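# Analysis of the macromolecular model
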Amino acid sequence: MSEMVTMTGQQAINLALAEAMERDPKVLVFGEDVADREGGGVSGTTRGLSTRFGDDRVRSTPITEQAIIGAPIGAAMGGYKPVAEIMLMNFTAVAMDMIVNHAAKLRFMSGGQSQVPIVIRTMTGAGYQTAGQHADFLEAWFCHTAGIKVVAASNPADFKGLMLSCIDDPDPCMFIEAGVAIRTPGELAVDQGKIPLGKARIHQAGTDVTVISYSTQFLRCIEAVKELEEAGISVELIDLRTISPWDKECVLASVEKTGRAVVVHEALRSFGVGAEIAATISEELFGKLKAPVRRLGAPYSAVPFSKPLETAFLVQPADVVACVKELISRG
Amino acid sequence: MSEMVTMTGQQAINLALAEAMERDPKVLVFGEDVADREGGGVSGTTRGLSTRFGDDRVRSTPITEQAIIGAPIGAAMGGYKPVAEIMLMNFTAVAMDMIVNHAAKLRFMSGGQSQVPIVIRTMTGAGYQTAGQHADFLEAWFCHTAGIKVVAASNPADFKGLMLSCIDDPDPCMFIEAGVAIRTPGELAVDQGKIPLGKARIHQAGTDVTVISYSTQFLRCIEAVKELEEAGISVELIDLRTISPWDKECVLASVEKTGRAVVVHEALRSFGVGAEIAATISEELFGKLKAPVRRLGAPYSAVPFSKPLETAFLVQPADVVACVKELISRG
Amino acid sequence: MTTTPTNAALPSAEIQLDIFRRMLRIERNDDATHKQIRLGRITSPYYSGRGQEVIPATMSALMTRDDKICTIYRGIHDMVAKDMPLRPLWAEICGRVDGTCKGKGGPMHLTHPATGVMVTTGIVGSSMPIANGLAWAALLDGSKQVTVAYFGDGAANIGAFHEALNLAALWKLPVIFVCQNNGYGEHTRIENHMAGDLISKRAVGYAMPGFTVDGNDPFDMYAHAHAAIERARAGEGPTLLECKTFRFMGHAFGDNDAYMLEGEKAAHMAKDPLPAFRAKLIASGVASEAQLAQMQTAIEAEVDDAIAFAMACEFPGVEELRRDVFAEEIPA
Amino acid sequence: MTTTPTNAALPSAEIQLDIFRRMLRIERNDDATHKQIRLGRITSPYYSGRGQEVIPATMSALMTRDDKICTIYRGIHDMVAKDMPLRPLWAEICGRVDGTCKGKGGPMHLTHPATGVMVTTGIVGSSMPIANGLAWAALLDGSKQVTVAYFGDGAANIGAFHEALNLAALWKLPVIFVCQNNGYGEHTRIENHMAGDLISKRAVGYAMPGFTVDGNDPFDMYAHAHAAIERARAGEGPTLLECKTFRFMGHAFGDNDAYMLEGEKAAHMAKDPLPAFRAKLIASGVASEAQLAQMQTAIEAEVDDAIAFAMACEFPGVEELRRDVFAEEIPA
Ligand SMILES: Cc1ncc(C[n+]2csc(CCOP(=O)(O)OP(=O)(O)O)c2C)c(N)n1
Ligand SMILES: Cc1ncc(C[n+]2csc(CCOP(=O)(O)OP(=O)(O)O)c2C)c(N)n1
Ligand SMILES: [Mg+2]
Ligand SMILES: [Mg+2]
């Protein structure tokens, strides 16, 4: 077994970028403030890369989100593997045409002649009182778009391993760096390598209920599960990691075993990723479930500013605990 | 009973706009080519309005989707009720920031001080070989956004009645004018008035299965249902009309009765509107269903150009028939 | 483009004093904000407008209460200049239910239509297309109202800027595009984010008047703002004002300044427009030392009162998550 | 801005002939397309480039096979000018599996990297930001490759135009922004969609060279295109060329022309650049009547062959819906 080190997700992503750039001269980093002259990223995730790999490969851009995705698309078709940063996920709205109508579709529309191996890194998540336009989880938009993969890790090992895979993937990937998740330290092997896309991770095995989550909300589920274990409830906890394509096989096998499922995410509950997962479980395991599949997500509102509202907006560990207990109580 | 007339959805929308403009001088129409000098809209939906109500109230714009939504937002806050056209739904991607980060959120973020009573009209739908960037159904994006209503009618009466309601609604509405649906003639009362938002329409009552659909795909379901009736299967067919907020009460009551449900839409099946509806039905009617809830939607690909592919991409009446028969066959 | 308009308007003594009052109100309020942050009473990010006071103070001195502004996350100075009352402003910053937005929007989305603060956006560039709509409404109303869209130098590179300027010029909308060019977009210097030397030159492409103004000089600001507002009120259309200035507190309050040129910030702070204008008012006899001291005391009292008020307010209840999503409350 | 560059390059006789060949290939192919539409063999919308031949013909005469273009729905003339082979082009238009894109993209998304046709977009303005990336790649590669982004006058008002031009100028990317200004965006005349008189003036805001060119005059086009391409290859950055022209077939083939000014189209067609240039080549002795007739015969044979080929091809099978979504096929 390799040596373990402790670091934050941000540091793990930084390592992944550095390793990929070291290995492959075609890997580029691009976005607002990403170069060291500008501080290596608004929260330092790309710090040191321009100094090490040069300003040609790590370039700060104007505030110009359409161009920030457009140029990587073109560069990718020119043989490069650009990792582009859209500072916050809400700003993907400004680049939506480039992401959805172009990056995701060019391979298909060209009959396979064009490939767009870009990675779009983006931060998001509530909890910092940044209010309505800086904290949305919008992964459902991209999951509903054919031709782009969507990844949202919760811990440093996955951030590193999945970033390495996204960079090498021949297709566009949206890589979500949730604020809380990338700042939470964790252990990973010094030589942590690629982790395959599309594969969930069973964080812990259990028999009574399956809890499925990802990103920051997964961390809140870990807390909830501790409390549930203390109450004698055995939880199988799954970190989806890749949201599209998601690991149906893993989830269905788990719920087939436990008979109960709760899907938890930070995004709006309505029309969210949880709907697809819950609908699939209910359909595929019809007649085999002990209880209805529950979904926990944000209420139907914008992210509020005021701290008590922001807290109420987020699914809290206690909500997960209550939901699981209710399911178990149904027998 | 009032006299009935036959017209297309386009004509019905035109009537609704004219009536609303006649009644309320604050109603404005805005978008690319919408004035008569430019032909009254790329497919003529706004024809005659600028001649009748003046160029101040009906204005053709540059190709400038961010400004096409931005200006109505401001005008709405200034007391007007703009109806803005984004020619095709794929181009909402260019205006996504204005729609999602602004129109949908300003009321909430301002604590109720701002209101944005705009209507965004937009065409879409496959079947015309316009390929990957001109035919997407993207309603799921907007359903997953708090603060905007999403409407997609299938027939002239609903197009008129719902448009009248959208214009009077104090909040932003996305009004989907699917190409096939707006061109299909139908009957409506000469004095067709408002139809409330959020209310589904039971097109026909039935006992064996509930089919839930909207927009063009609803028309294909009508065909399917005819065939099913001939096969002795009694279908309750629901036209959702408003997709967000959708009429949960109506749908749940129906499926509680029939015990079986199929949701059908033209958008991608994955992470589509059908997922929310299916997940809700499965959850709320747990233990009361005779069969799993099925969802029919497009495969996970861009809209293809070639006719045979385009046909295969769309859910056809035969697919609905097969799906319902399979559900019934389960007993 | 850098020349002062011919027949440049000069601010009267009264207006000079009014500009100074607004500047001082911004600065005192900003200073109080730093204190509250240090006390841990404000936990959200704060984007200070300190150093940029002259721009909104002068614009506001020329605007009526009915005139509108659309501003950005770095916009509290714009609101204070527009005479937004401080009690609800502070209550909002503190997330209280008596805030202008009931605590739902916070400092990045402060809104107060009663004083003409229509939109505060956190999305770079998005103030401009919306300002066009307010101006369009005024035009249709036949009113003389003008709308000011504030934005930064970084925002001059985003698509919304271009779309908004084209439409405004094409339709002769009564809007003034006021760029507060502080030389940086977050940590990126203007020469690294913008092609071309002057933002005002971009007006050429829309056949719109565009001027580069000393945004720290109330007289230069006044002359250009006056001409632009007159133009807009006369139905002659929009103007682009590039107002050069500097932000004394960096991007977000508490950021480190490593990305700045050495000595750059100190050099700018040495030319702080607030004490400079104060000295000028006294030297030119527009105001007395005592008068300005009294003004300051009054402003500080207002700020202190607002903070005390805010701290005493309640937080909103969770039912507020169901309110103001739509006009009609969402059922529990 | 409207002046021809000093030391204007003149096309050699050989290049003049090459430009004409490309123009004729466009026109003959376009004419054949009309026929196939009338025969009901093409059912998708068609956006004809008839009337605009000189622009891509001249650009292409100056480009190597390795140079790239990014074009738009009205782009078949651009592709034909770039010498895209007609067989796979026609197979694509007819939705056949032997089309360049296996029938998945169709005429609005025709792509053929082998001849440098990298992207064809149906979204107004979106060719430009992507062209920047191809140019950026060439720059990093240290190659002399240039990228041309084609777009229309209407596209000059959308945000992507602005963002792309700023970035290209800032980074000195080897890209040429070629606006085919045909005076209309769908049914809207340029004076009703654009503020300002010349699109080329928008280059001023980016300190980028910008020129208004007679897009129907191969000599004027050549001089400007030559200078722009040389500039790009020399690492001096992008150029904006506004090339004035007219579309003879309206927006979409079969549209009515009610929105045009009376006599406008007829006046333009009377100055059809194709016969005019043909006459000039003969008058100046660059080519003989017989030579050009032979050229035409050869082109017509190529077009006929391509159509026959396309019609004989198979349609793609439904399994193609699972292919090319990702590199890896999606399991059934
Ligand atoms: C569309 C968008 N992209 C990026 C950001 C992140 N961001 C916030 S402020 C800022 C800098 C803006 O600079 P400038 O326009 O000069 O205004 P200033 O902050 O200097 O007042 C950036 C990049 C954003 N809010 N919106
Ligand atoms: C973003 C976007 N908005 C609207 C459209 C619809 N549309 C297609 S072509 C066109 C006109 C474009 O005009 P111009 O740029 O002048 O090019 P031309 O067609 O004249 O060659 C419009 C509005 C579109 N395709 N994309
Ligand atoms: Mg700035
Ligand atoms: Mg045009």
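A quick note: this is a predicted structure, and the numbers were derived from the prediction, not measured. (Residues numbered from 1 in each chain as written. Chains lettered and ligands numbered in written order. Predicted model: local features only at pLDDT ≥ 70, side-chain atom pairs only at ≥ 80, totals over all residues. Heavy atoms only, no water.)

Contacts to ligand 2 come from 21 residues, most closely from E65 of chain B together with R74, G122, D153 and G154 of chain D. Looking at what sits near ligand 2, you find residues from chains B and D. The side chain of Y73 of chain D places a nitrogen or oxygen atom 2.9 Å from an oxygen atom of ligand 2. Note that an oxygen atom of ligand 2 is positioned 2.8 Å from one of the side-chain N or O atoms of R74 of chain D. Surface burial for ligand 2 is 97%, taken as the share of its 580 Å² of free accessible area covered by protein chains. Taken together, the residues that form the shell around ligand 2 break down as nine nonpolar, seven polar and five charged. (Near = heavy atom within 4 Å. Polar contact = N/O pair within 3.5 Å; in protein donor to acceptor, adjacent residues only side chain to side chain. Areas by Shrake-Rupley, 256 points an atom, 1.4 Å probe, with all protein chains shown as cover. Nonpolar A, V, L, I, M, F, W, Y, C, P; charged D, E, K, R; others polar.)

Between chain C and chain A, the contact holds 37 residues from the first and 30 residues from the second. Together chain C and chain A conceal approximately 2600 Å² of surface at their shared face, both sides included; 63% is due to carbon and sulfur atoms. Between chain C and chain A we count zero salt bridges in total. Across the side of chain C that touches chain A, the residue classes break down as 16 nonpolar, 17 polar and four charged. (Contact = heavy atoms within 4.5 Å. Buried area = accessible area lost by both parts, 1.4 Å probe. Salt bridge = Lys/Arg side-chain N within 4 Å of Asp/Glu carboxyl O.)

Attention now goes to the nonpolar core. A general feature of soluble globular proteins is that nonpolar side chains tend to end up buried together. F142 and I281 of chain A, F142 and I281 of chain B, F177 of chain C together with F177 of chain D are the most contacted members of the largest nonpolar core, which has 282 residues in total. For F177 of chain C, the residues in contact, after removing those within four places along its chain, are M128, N132, A149, F151, A164, L165, A168, M208, P238, T239, L240 and L241 of chain C. Counting 59 residues, the second-largest nonpolar core is a separate cluster that includes A91, L110, V213 and L292 of chain C. (Core = buried A, V, L, I, M, F, W, Y, C linked by side-chain atoms within 4.5 Å. Buried < 20%, exposed > 50% of the residue type's maximum accessible area, 1.4 Å probe, protein only.)

Moving on, we get to the coordination of the magnesium ion (ligand 4). All names here are of chain D. D153 (OD), N182 (OD1) and Y184 (O) make up the full set of protein donors to the magnesium ion (ligand 4), lying at 2.0 to 2.1 Å. Written as a sequence motif, the donor arrangement for the magnesium ion (ligand 4) is D-x28-N-x1-Y. For Y184, a relative accessible area of 3% translates into the label buried. (Donors = N, O, S within 2.8 Å, 3.2 Å for Na, K, Ca; no water.)

It is worth spelling out the confidence of the model for chain C at this point. Per-residue confidence for chain C gives a mean pLDDT of 96; residues scoring 70 or more make up 98%. Interface predicted TM-score (ipTM) for the complex: 0.98; the corresponding pTM is 0.98. (pLDDT = per-residue confidence, 0-100.)

For the rest of this paragraph, the subject is the sheet that holds strand β14 (residues 294–298) of chain A. Residues and elements named next belong to chain A. An order of β9-β11-β10-β13-β14 is seen for the five strands of this open sheet, with the pairing classed as mixed. Among the strands making up the open sheet, the edge pair consists of β9 (201–204) and β14. The sheet shows a mean angle of 25 degrees between the axes of neighbouring strands, taken without regard to direction. Pairing analysis gives five bridges linking strand β10 (residues 209–213) to strand β11 (residues 235–239), with the strands arranged parallel. Residue T210 lies in a different strand from β11, and its bridge partner there is E236. In this fold helix α9 (residues 215–230) packs onto β9, β10, β11 and β13 (261–268), with an angle of close to 170 degrees to the strand it touches most, β11. Lying over the sheet, helix α11 (residues 273–284) contacts β10, β13 and β14, oriented at roughly 160 degrees with respect to β13. (Pairing = 2+ DSSP bridges. Helix = DSSP H or I, 4+ residues; strand = E, 2+ residues; numbered from the N terminus. Axes fitted to C-alpha atoms, helices over the stretch in contact; angles between N-to-C directions.)

Moving on, we get to the coordination of the magnesium ion (ligand 3). All names here are of chain C. Looking at the metal site, the magnesium ion (ligand 3) is ligated by D153 (OD), N182 (OD1) and Y184 (O), spaced 2.0 to 2.1 Å from it. Binding-site remark: the magnesium ion (ligand 3) is held by donors from one chain whose sequence spacing is D-x28-N-x1-Y. Residue D153 is found in the loop between β3 (147–152) and α6 (159–170), and its partner Y184 is found in strand β5 (residues 184–185); the two are separated by 31 residues along the sequence.

Once their charged atoms are close, side chains differing in charge can pair, the charge on each being opposite to the other. Scanning the model with the defined rule gives 99 salt bridges over all chains in all. Of the charged contacts in the structure, one is a salt bridge between R269 of chain A and E283 of chain B, with a shortest N-O distance of 3.0 Å. Here R269 of chain A, found in the loop between β13 and α11, pairs with E283 of chain B, found in helix α11 (residues 273–284), and the two come from separate chains. Residue class for E283 of chain B comes out buried when judged on its relative accessible area of 10%. With a closest N to O distance of 3.0 Å, K201 of chain D and D197 of chain D form a salt bridge. Overall, K201 of chain D belongs to the partly exposed group, its relative accessible area being 24%. Its relative accessible area of 53% is what places D197 of chain D among the exposed residues. Among the ionic contacts, a cluster of salt bridges with common partners joins K102, K104, E319, E320, R322, R323, D324 and E329 of chain C.

Turning our attention to the packing of aromatic side chains. Taken as a whole and assessed by the stated rule, the structure comprises 25 aromatic pairs over all chains. Taking the centre distance of 5.4 Å and the plane angle of 80 degrees together, the rings of F30 of chain A and W171 of chain D count as edge-to-face. On the criterion of chain membership, the pair formed by F30 of chain A in strand β2 (residues 27–31) and W171 of chain D in the loop between α6 (159–170) and β4 (175–181) is interchain, its members lying in two chains. Judged by centre distance (5.4 Å) and plane angle (75 degrees), the ring pair of Y184 of chain C and Y259 of chain C falls under edge-to-face. With a gap of 75 residues between them, Y184 of chain C in strand β5 and Y259 of chain C in the loop between β8 (239–244) and α9 (264–270) connect regions that are remote in the sequence. Judged by relative accessible area, which is 7%, Y259 of chain C ranks as buried. Through pairs of rings, three or more aromatic residues link up here, namely W141 and F142 of chain A together with W141 and F142 of chain B. When the ring centre of F326 of chain D is taken as reference, the NZ or CZ atom of K149 of chain A above it lies at 4.7 Å. Above the ring of Y80 of chain B, the side-chain terminus of K26 of chain B is found at 4.2 Å from the ring centroid. (Phe/Tyr/Trp six-rings, centres within 6.5 Å; stacked < 30°, edge-to-face > 60°. Lys NZ or Arg CZ within 6 Å of the ring centre and 35° of its normal.)

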